[in-house]
Amino acid sequence: MLLFISDLHLSPRSPGATRLFLEFLAGRARQADALYILGDFFDAWIGDDDGAEPFNAGIVAALRAAGQAGLAIALQHGNRDFLLGPDFAAAAGVKLLPDPYVLSTPEWQFVLAHGDALCTDDAAYMAFRRQVRAPAWQAAFLAKPLPERRAIAAHLREQSEAGKQEKTPDLMDLNPGETDDFLRRHGYATFIHGHTHRPATHDHLVDGIHVERWVLADWHEDRGECLVWDGARLSREALG
Ligand code: LP5
Ligand code: MN
């Protein structure tokens, strides 16, 4: 059994979601073979050298314990936590996956992504994304002291929340043409992603082939959601 989650946005400011995740990881998730976290696991990740901060250290320890108990955990970057790196992965005992990632099981083929890269109508975000994903830019950011990085991240989060008020939901959704191209490039595999916080199951018809796109729900203080693959079908499971 495989489980998929995304957009938990974990932070000390979301104790409810954090508790839900820790309960999930110690309980329900242990029945699965693998857990796939498709980005925005943390509300903000400012560098692996912040992994020792008490909140982060608690999450890292919980991930490691679940891994040691036999749960394979794989994680993709989101737009909030794209700085999660090899030191974090080693400490937490998780595998960092590229975005997109093709997941082949004996029964079915999936393609996994956070989803933000296909939101091409949001030109301001695409420009921002190109900038912050550039290695030189990341190196310069990571060279700053942690308190300065923390302040920049908080500022960016505020800017982002304010900016979203000016954007329509459709502008912030995946571009249909880009999505069809993506599905074509990845062999019409069942697409699972997050980011938009608009959980739904979409039917695409690409080159006459029916392709499903499952959008994961974001987590809240009182509820979360995971998608379950039991070897034959996908289903949503409410948590909390
Ligand atoms: O995240 P969310 O859901 O609010 O909105 C996203 C897009 N916003 C972002 C920004 C992140 O929220 C900020 C995360 C910070 C934590 C990481 C810190 C570590 C690295 C520091 C990087 C500087 O991704 C939002 C989309 C929305 O999804 C829907 O898809 O619309 O896009 C934006 O908000 C981008 C703005 O439109 C343009 C931003 C201009 C900011 C200019 C600052 C330039 C950078 C200088 C930094 C020193
Ligand atoms: Mn996101």
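About the thresholds
- Residues numbered from 1 in each chain as written.
- Chains lettered and ligands numbered in written order.
- Predicted model: local features only at pLDDT ≥ 70, side-chain atom pairs only at ≥ 80, totals over all residues.
- Heavy atoms only, no water.
- Pairing = 2+ DSSP bridges.
- Helix = DSSP H or I, 4+ residues; strand = E, 2+ residues; numbered from the N terminus.
- Axes fitted to C-alpha atoms, helices over the stretch in contact; angles between N-to-C directions.
- Contact = heavy atoms within 4.5 Å.
- Parallel < 35°, antiparallel > 145°, perpendicular 65-115°, else oblique.
- Left-handed = near helix turned anticlockwise from the far one by under 90°.
- Nonpolar A, V, L, I, M, F, W, Y, C, P; charged D, E, K, R; others polar.
- Buried < 20%, exposed > 50% of the residue type's maximum accessible area, 1.4 Å probe, protein only.
- Right-handed = clockwise from strand over helix to strand, strands pointing away.
- Near = heavy atom within 4 Å.
- Polar contact = N/O pair within 3.5 Å; in protein donor to acceptor, adjacent residues only side chain to side chain.
- Areas by Shrake-Rupley, 256 points an atom, 1.4 Å probe, with all protein chains shown as cover.

Engineer: Can you break down the sheet that holds strand β7 (residues 190-193) residue by residue, with the values?
Structural biologist: Two orientations exist for strands paired in a sheet by backbone hydrogen bonds: parallel and antiparallel. Overall, mixed pairing links the 5 strands, which are arranged β5-β6-β7-β9-β8 in an open sheet. In this open sheet, the two edge strands, each paired with only one partner strand, are β5 (101-104) and β8 (200-206). Direction aside, neighbouring strands of the sheet carry axes that sit 25° apart on average. When strand β6 (residues 109-113) meets β7, the two strands line up parallel, connected through 4 bridges. Across the sheet, Leu 112 pairs through a bridge with Ile 192, a residue of β7. The strands that helix α7 (residues 176-185) touches are β6, β7, β8 and β9 (209-215); relative to β8, the one it contacts most, it runs at about 75°.

Engineer: So what's going on with the packing of helix α1 (residues 15-26) against helix α2 (residues 54-68)? Which residues, and what values?
Structural biologist: Between α1 and α2, whose axes approach to 10 Å, the crossing angle comes to 20°. As summarised for this structure, α1 and α2 are arranged roughly parallel, according to the angle between their axes. Helix-helix and strand crossings are classified by hand; for α1 and α2 the assignment is left-handed. Of α2, the residues touching α1 (which contributes Thr 18, Phe 21, Leu 22 and Leu 25) are Phe 55, Ile 59, Ala 62, Leu 63 and Ala 66. In the contact of α1 with α2, the residues fall into 8 nonpolar, 1 polar and no charged.

Engineer: Would you mind going over the pairing of strand β2 (residues 34-38) in detail, with residue names and values included?
Structural biologist: Across the 5 residues that make up β2, a large majority, 5, are buried. By the alternation rule, side chains of β2 split into Ala 34, Tyr 36 and Leu 38 and Leu 35 and Ile 37, which are all buried. Pairing analysis gives 4 bridges linking strand β1 (residues 2-5) to β2, with the strands arranged parallel. Across the sheet, residue Leu 2 finds its bridge partner in β2, namely Ala 34. In the classification by handedness, the crossover that spans β1, the intervening α1 and the parallel β2 is right-handed. Two strands pair when backbone bridges link them, and β2 and strand β3 (residues 72-76) are joined in this way by 5 bridges, in the parallel orientation. Pairing of Ile 37 across the sheet is with Leu 75, part of β3. Once the chain exits β2 it traverses α2 before rejoining the sheet at β3, and the crossover so formed is right-handed.

Engineer: How would you summarise the site of ligand 1 if you had to cite specific residues and measurements?
Structural biologist: Taken together, 24 residues lie near ligand 1, and Arg 80, Asp 122, Leu 156, Ser 160 and Lys 167 sit nearest. Here His 195 contributes a side-chain N or O atom positioned 2.8 Å from an oxygen atom of ligand 1. Burial of ligand 1 by the surrounding chains reaches 84%, relative to a free accessible area of 1,000 Å². Put simply, the parts of the chain that give the shell around ligand 1 at least two residues each are α4 (123-132), α5 (135-142) and α6 (146-165). Broken down by element, the residue count for the shell around ligand 1 peaks at 8 residues, all from α6. In terms of residue class, the shell around ligand 1 is built from 14 nonpolar, 4 polar and 6 charged.

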